[in-house]
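So you can see what is in the structure, the chains are spelled out below.
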Amino acid sequence: MSTTGALTLSFHGIGASPGVALGHAFVIDRRRVRTPKLRLEAAELDSELMRLKTAIDLSDHQLQDIKDRLASSDGHDHSPILEAHRLMLRDPMLVDEAIKLITKDQINAEWAVRRVARRIKHLFDNIPDEYFRERRADVDFVADRIVRNLLGQAVDVEVEVPPDAVVVSHDLCPADAVMLVKTGRVAGFVTDVGGQTSHTAIVARARETPAVVGAGRASEQISPGDLIALDGIRGLVLVNPSEEQLALFRETMRRHLASEANALKTRDLPAVTLDGTRVSLVGNIEFAEELPSLLAHGAEGIGLYRTEFLFLDRLTSPTEEEHYRAYRQVLEGMGNRPVTIRTLDLGGDKVQARRHDKEANPAMGLRAIRYCLAHRELFRVQLRALLRASVHGNLRIMFPLISGVSELREARSELELCRSELGRAGVPVGKRVPVGIMVETPSAALVADRLAQEADFFSVGTNDLIQYSLAIDRQNREVAYLYKPLHLAVLRSLQSIVSAAKAAGIPVAMCGEMAGDPIFTLVLLALGFDELSMTAGQIPVVKQIVRRTSRSDAMAVLDEAMKFSTAEEVERYVRAEVDKRLGNGA
Ligand code: PEP
Ligand code: MG
């Protein structure tokens, strides 16, 4: 029985933004509008085209209006998402195709827009990467806005949000999500659909609002006003919890808030071990909107900006100007702190860019630097933009998936070509922009000594290095159990990468997921990494561990750990040692 006598329910979804919240359900019904389907007379076509144009103009105006309102009152910049939707509204693939359908098939504008949206979504269907599959939702958000405007229906959430609202919805478009957080009254989000990378998740994380997405049929079964206990870490939603559940939840909430506050106490202190080893803790980002959260968690810079995310929410490649604006915004936003911008990691399991031909083995296919070297103009557009942006901050350029020295030379010579081109045109560029590589293939690890002669820094991408070293497809759930960062093969690889960097006197960072997991901090300190890059929320805990550890002790733990033979034995030993030293601090 619940505290109020109302029905007790629970939903398990994906914890998409960490944190816990208690509040009352604020249910928003954003289910798709019904699309009327009409055949038109030839004489009606002109006015139908005019209706379409008016609805698109109106949609554009509404998005601009939201952007303006947010810009004046909200410290966070959500404009790239809204801007991307505005661009989609003007995309020929949407507009020209809808016009074609109206005139050729003589159908009404609502039906034409839906049909075009369906076709565009099919293009995203075969992309295994979750982020890009999620982008189909953006096509729906944009199409929905046009159709609602055609039908004269309300488009945005304009309602009064009660305090401590847990917003429950089937899905939320970014405009709604942003408008809602801006009220300052939203305690959390629950959506039926979506994943880690859906817009609700991104906006929630950027605003540090707990969120559970992919919660099944939550929006159908939760009633307005229901008491909701939301755990965005475990992905749990309790509806009208019992007295006992509520007491337990309040305890979880208390512990979570206390440990957050505790970790944040050291935010402005350096990450230095008890015996004086300094490591730099920096952030991984996909969007400029994440900057405020990064700074609030004490990031000393950006260790990985995944620029392929600029290709999202759109059907055409970004222009040089768009690249430039994005990089400038991030560089200026970070002041003089170092910002490592990675060139496009397109292809493979990531976005297919404009390619429709499927590869049998995409992870080993035309991806990242290989893709850029095969599409030189696309690469040069980005390199020019990076060089132009370099005068606005402390930029480092990083090439992904380098598998050997020739690729690095090739990429560097493209960069130099762009530099001379800009020089001849009198465009100012930064004098000394360090150029580094991601070490994320076994071949790069094996020739790290040679690469270190020609790269200004290394950053280890463990997500890929582990995938390729242990031969486990990172997208395949069946082999996920083999993903072991403490496998001896991985540890030996890391050892030799770090020692190659040290011998050449270049800094070595890690920006794969391994860098932000507190269980591995001791090992990474022992290995000698100079910089660890992770998502904002992980920084305070990792910093606490660094400050409570001595490097000599960590090295003794690593020595012992490497005497075991299986990944399980190494992990059991490391966990026990971490627990002994840090208790539940890790
Ligand atoms: C990695 O491979 O560890 C990495 C950080 O890059 P991505 O996850 O973008 O491939
Ligand atoms: Mg990678």
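Thresholds applied
Throughout this description, residue numbers start from 1 for each chain and increase along the sequence as written. For this description, chains carry letters from A and ligands carry numbers from 1, given in the order in which they are written. At least 70 in pLDDT is required for a residue's local features to be given in this predicted model, at least 80 for side-chain atom pairs to be given and counted, and no such filter applies to totals for whole chains, interfaces and linings, which use all residues. Hydrogens are left out, water is left out, and the side-chain values use all remaining heavy atoms of the structure. Boundaries between domains were set according to an automatic or database domain assignment. In what follows, residue pairs with any heavy atoms lying within 4.5 Å of each other are defined as contacts. Simply put, the buried area is the total loss of 1.4 Å probe accessible area from both parts when two parts are fitted together. One speaks of a salt bridge when a side-chain nitrogen belonging to Lys or Arg is within 4 Å of a carboxyl oxygen belonging to Asp or Glu. The term polar contact refers here to a pair of N or O atoms within 3.5 Å; inside protein, the definition further demands a hydrogen-donor-capable atom paired with an acceptor-capable atom, and it admits residues adjacent in sequence only when both atoms are side-chain atoms. Ten residue types, Ala, Val, Leu, Ile, Met, Phe, Trp, Tyr, Cys and Pro, are classed as nonpolar, four, Asp, Glu, Lys and Arg, as charged, and the remainder, Gly among them, as polar. Lines fitted to the C-alpha atoms define the axes, with helices restricted to the stretch that makes contact. Angles between their N-to-C directions range from 0 to 180 degrees. For helices the rule is a DSSP run of H or I covering at least 4 residues; for strands it is a run of E covering at least 2, with both sets numbered from the N terminus onward. For any pair of crossing helices, the crossing counts as left-handed if the nearer helix is rotated counterclockwise from the farther one by less than a right angle, and right-handed if it is rotated clockwise. We call an atom a donor if it is N, O or S and sits within 2.8 Å of the metal, or 3.2 Å for Na, K and Ca. Water is not counted, so some sites may look partial. Think of it in three bands: residues with accessible area under 20% of the maximum for their type are buried, residues over 50% are exposed, and the middle band is partly exposed, with areas taken using a 1.4 Å probe on protein chains only. Strands are treated as partners if at least two bridges between them are detected by DSSP. The definition of a nonpolar core used throughout is a set of buried Ala, Val, Leu, Ile, Met, Phe, Trp, Tyr and Cys residues joined through side-chain atoms within 4.5 Å.

Peer 1: Could you clarify how one ought to interpret the domain arrangement of the protein chain in this entry?
Peer 2: Where the parts come together, the accessible area they lose is often given as the size of the interface. Assigned domains within the protein chain: domain 1 (9-31 + 157-243), domain 2 (42-151) and domain 3 (262-418 + 512-582). Contacts between the two partners involve 5 residues from domain 1, matched on the other side by 6 residues from domain 3. Roughly 460 Å² is buried in total at the junction of domain 1 and domain 3, and carbon and sulfur atoms are behind 62% of that figure. Looking at the side of domain 1 facing domain 3, the largest losses of area belong to Ile202, Ala206 and Glu208, adding up to 72% of the total buried there. Counting the contacts that link domain 1 with domain 3 gives 0 salt bridges. Between the two partners, domain 1 and domain 3, sit 0 residue pairs in polar contact (both at pLDDT 80 or more). A breakdown of the residues in the side of domain 1 that touches domain 3 according to their chemical character gives 2 nonpolar, 1 polar and 2 charged.

Peer 1: Where do I start with the packing of helix α10 (residues 243-264) against helix α21 (residues 539-547) in this structure?
Peer 2: Helix-helix packing is characterised by the crossing angle of the two axes and by the distance between the axes. At a minimum axis distance of 8 Å, the contact between α10 and α21 shows a crossing angle of 60 degrees. In terms of crossing hand, the pair formed by α10 and α21 is left-handed. Residues Asn262, Ala263 and Leu264 of α10 form the contact with α21, whose participating residues are Pro540, Val541 and Gln544.

Peer 1: I tried to follow the coordination of the magnesium ion (ligand 2) on my own but got confused; where do I start?
Peer 2: Any two of four tetrahedral donors ideally make an angle of 109.5 degrees at the metal, while pairs among six octahedral donors ideally make 90 or 180 degrees. Every protein donor of the magnesium ion (ligand 2) is listed here as Glu440 (OE) and Asp464 (OD), and their distances to the metal cover 2.0 to 2.2 Å. With Glu440 in the loop between β13 (435-439) and α16 (442-446) and Asp464 in helix α18 (residues 462-469), this pair connects stretches of sequence that are 24 residues apart. Of the two residues examined, Glu440 and Asp464, each falls in the buried class.

Peer 1: Any chance you could explain the pattern of salt bridges here in plain terms?
Peer 2: Opposite charge on two side chains permits pairing when their charged atoms draw close. Under the definition given, this model contains 44 salt bridges. Two residues, Asp268 and Arg267, come together in a salt bridge whose shortest N-O distance is 3.4 Å. A residue is classified by how much of its surface remains accessible, and Arg267, at 33% relative accessible area, is partly exposed. Residues Glu320 and Arg384 are paired through a salt bridge, measuring 2.8 Å at the closest nitrogen-oxygen approach. Of the two residues, Glu320 is situated in helix α12 (residues 320-333) and Arg384 in helix α14 (residues 376-389); the sequence distance between them amounts to 64 residues. In this structure, a network of salt bridges that share partners links the residues Lys53, Asp57, Asp60, Glu83, Arg86 and Arg90.

Peer 1: Explain the side chain of Asn108 here, please?
Peer 2: Position of Asn108 among the secondary structure elements: in the loop between α3 (92-105) and α4 (109-125). Looking at Asn108, its side chain comes within polar contact range of the main-chain oxygen of Pro36, at 2.9 Å.

Peer 1: Is there a simple way to explain the pairing of strand β8 (residues 236-239) in this structure?
Peer 2: Two faces, one strand: in a regular strand the side chains alternate between the faces of the sheet. Side chains of β8 alternate between two faces, with Leu236 and Leu238 and Val237 and Val239 buried alike. Where strand β7 (residues 227-231) and β8 come together, 4 bridges link them in antiparallel fashion. Bridged to Ala229 within β8 is Leu238. Between β7 and β8, which pair antiparallel and follow one another directly, the connecting turn spans 4 residues, one of which, Gly235, has a positive phi of 75 degrees.

Peer 1: Explanation requested: the nonpolar core in the structure shown.
Peer 2: Within soluble globular proteins, side chains that are nonpolar tend to cluster in buried spots. Ranked by internal contacts, the top residues of the largest apolar core, which has 98 residues, are Phe399, Phe458 and Phe529. Sorting elements by how many residues they give to this core places helix α19 (residues 488-504) first, with 8 residues. When near neighbours in sequence (up to four residues on either side) are disregarded, Phe458 contacts Ile437, Val439, Ala448, Leu451, Ala452, Ile497, Ala501, Ile506, Pro507, Val508 and Ala509. Listed in part, the 36 residues of the second largest apolar core include Leu82, Ala109, Phe124 and Met179.

Peer 1: Got a minute to help me understand the sheet that holds strand β15 (residues 508-510) in this structure?
Peer 2: Within a sheet, adjacent strands bond to each other through the backbone by hydrogen bonds, running parallel or antiparallel. Pairing within the closed barrel is parallel, and its 8 strands lie in the order β9-β10-β11-β12-β13-β14-β15-β16. Strand-to-strand twist across the sheet, computed as the mean angle between neighbouring axes with direction ignored, equals 25 degrees. One ladder, built from 5 bridges, connects strand β11 (residues 338-342) with strand β12 (residues 394-399); its direction is parallel. From the neighbouring strand, Arg342 faces β12, where its bridge partner is Met398. Its contacts with the sheet put helix α15 (residues 405-424) on β12 and β13, and the angle it makes with β12 is roughly 140 degrees. Against the sheet, α19 touches β13, β14 (458-460) and β15, its axis set at about 145 degrees to β15.

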